[in-house]
Amino acid sequence: MSEPITEAQRDAAATWLVRRQDGPLSPADEAAFRSWIAADPRHAAALREAEALWRQLEEPGRRLADRFAAGVQRQKRRGRLRALLRPLVALPAFGAIVCAALALWVFAPSAIADLGADAVTARGEIRDLALPDGSVLHLAADSAVGLAFGDGRRQVELRRGEAFFEVRPGLPAPFTVTAGDARIRVVGTRFNVSRFGDDAEVTVTEGVVEVAAGQASVRLTAGQQVSAENGRLSAIGTVDPADATAWMQGRLVFHRRTLDRVVAALQRQAPGRILLSGDRLAGMRVSGTFPAGDPDGALAALSGSLGLGLTEVTPWVRILGETDPGS
């Protein structure tokens, strides 16, 4: 059975699609593209997916561009706006740019993950939810949960994103959380759960938490952390709980975190899409503290410290990738 296409590969395919639609590639970029295609058969499959989606959205994208241009003409301050937008509206590529933004947006899992969700946050938004059993759930930006309470159940599904739980003790029914491959069971405690695809990370700040994945399970106490990755539990690590919950105070703290997960955390704060160009970059390790309210500043700092380029393809699509040595 062939391996499934990863989100990183879909992001890379979307990046190449946008760059190729923008015009002929330089010889160096064309060589890099062919090298990427040859590196893994899933890359060509991901590119075919992106191209098919582009074709499906091309005409709706043009219609959306036309409607946007028409709406601009009706604005009271249309003189200034028309002067700014007329060159864009006149370009045949404008509809394709809108189409590209739509195609990239579809690659995000949120539309599917949010179906049937009981609580959802927008990018940059944090919500505090009082649960029916008296527990409190703090939902991080761009996150979604499903809730099942009553008839002896206290169950939460973290569909995407991140959440901090303050579980009310003293009730007979255990409090359970599922997040991808991770299953979490507690009686009364405080803990943080972050999800990345089907992987999850659990950090305990108070009490005892049982985390299971596959056939394995572990018990965590305050200051301990474990990850469930590819259906398996990692070794238990010791962390500063304040770092794992810093997002509630408006800070994002990373200690040797892979770049793909750092970008995912920044993506939950930023509009549009942030793409990594190339699978190799995803595994780069990053440490640092960034203000959650300034994802643009964080991206600029990352690109500078890691020696990467940051390219704005459209106002909604930014690409973090390796710089061209010849540029």
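Here's a quick rundown of the structure. (Residues numbered from 1 in each chain as written. Predicted model: local features only at pLDDT ≥ 70, side-chain atom pairs only at ≥ 80, totals over all residues. Heavy atoms only, no water.)

## Remarks on the overall build of the chain
Which entries qualify depends on this criterion: The helix count covers DSSP runs of H or I at least four residues long, the strand count covers runs of E at least two residues long, and both are numbered beginning at the N terminus. For every residue, the accessible area (1.4 Å probe, protein chains only) is compared with the maximum for its type, and the residue is labelled buried under 20%, exposed over 50%, or partly exposed between those bounds. Should any heavy atoms of two residues lie within 4.5 Å, those residues are counted as being in contact. Reported accessibility uses the Shrake-Rupley method at a 1.4 Å probe radius. Residues are deemed covered only where the shown protein chains occlude them.
A tally of regular secondary structure across the chain gives 10 helices and 19 strands. Here the chain, with 327 residues, has 43% of them falling under the buried criterion. The contacts of the chain with a sequence gap of at least 6 include a subset with a gap of at least 24, amounting to 50%. Summing over all exposed atoms, the chain offers an accessible surface of approximately 17000 Å²; the carbon and sulfur share of this is 53%.

## Digging into unusual backbone geometry
Even without a glycine there, the phi angle at Asp142 is positive, about 50°. Residue placement: Asp142 occurs in the loop between β3 (136-139) and β4 (144-150). The class of Asp142 is buried, set by a relative accessible area of 13%. For Arg256, which is not glycine, the phi dihedral falls at a positive 50°. Of note, Arg256 is situated in strand β15 (residues 251-258).

## Some points on the pattern of salt bridges
Keep this limit in mind: The salt bridge definition used is simple: a Lys or Arg side-chain nitrogen within 4 Å of an Asp or Glu carboxyl oxygen.
In the structure shown here, the tally under the stated rule is 15 salt bridges. A salt bridge links Arg123 to Asp142, with the nearest nitrogen and oxygen atoms 3.5 Å apart. Of this pair, Arg123 sits in the loop between β1 (119-120) and β2 (127-130) while Asp142 sits in the loop between β3 and β4; the two residues are 19 residues apart in sequence, bridging distant segments of the chain. Judged by relative accessible area, which is 21%, Arg123 ranks as partly exposed. The closest approach of N and O atoms between Asp198 and Arg195, which form a salt bridge, is 3.2 Å. Overlapping salt bridges, with partners in common, bring together Arg123, Asp142 and Arg160 in one network.

## Some thoughts on helix α10 (residues 295-306)
How we decide: Helix span, as expected, comes to 1.5 Å for every residue beyond the first. Summarising the geometry, the arc corresponds to the directions from the helix axis toward the C-beta atoms.
For α10, spanning 12 residues, the distance from its first C-alpha to its last is 16 Å, which sits close to the expected 16 Å at 1.5 Å a residue. Listed in full, the buried residues belonging to α10 are Pro295, Ala298, Leu299, Leu302 and Ser303. Each buried residue of α10 sits inside an arc of 130° when the element is viewed along its axis, so together they form one side. Exposed side chains of α10 directed beyond 90 degrees from the buried face belong to Gly304 and Ser305. With its phi angle positive at about 70°, Gly307 sits one or two positions after the end of α10.

## Notes on the pairing of strand β19 (residues 317-322)
Spelled out, the test is: By definition, two strands form a pair when at least two bridges between them are found by DSSP.
For β19, a buried count of 5 out of 6 residues is recorded, marking the element as mostly surrounded by other parts of the structure. Pairing of strand β16 (residues 273-276) with β19, which is carried by 4 bridges, proceeds in the parallel orientation. Directly across from Leu275, in β19, lies its bridge partner Ile319.

## Here's the deal with the packing of aromatic side chains
Which entries qualify depends on this criterion: Any Phe, Tyr or Trp ring, taking Trp's six-membered ring, that has another such ring centre within 6.5 Å forms a pair; planes under 30 degrees apart are called stacked, those over 60 apart edge-to-face, and the others tilted.
Here the structure, examined in full by the defined rule, presents 6 aromatic pairs. Ring plane angle 15° and centroid distance 5.0 Å describe the contact between Phe165 and Phe191, whose orientation is recorded as stacked. A residue pair is termed long-range when its members are at least 10 positions apart, and Phe165 in strand β5 (residues 153-166) and Phe191 in strand β8 (residues 190-196) qualify at 26 residues. Among the residues examined, Phe191 registers a relative accessible area of 0% and is labelled buried. Grouping aromatic residues by their ring pairs yields a cluster made of Phe149, Phe165, Phe175 and Phe191.

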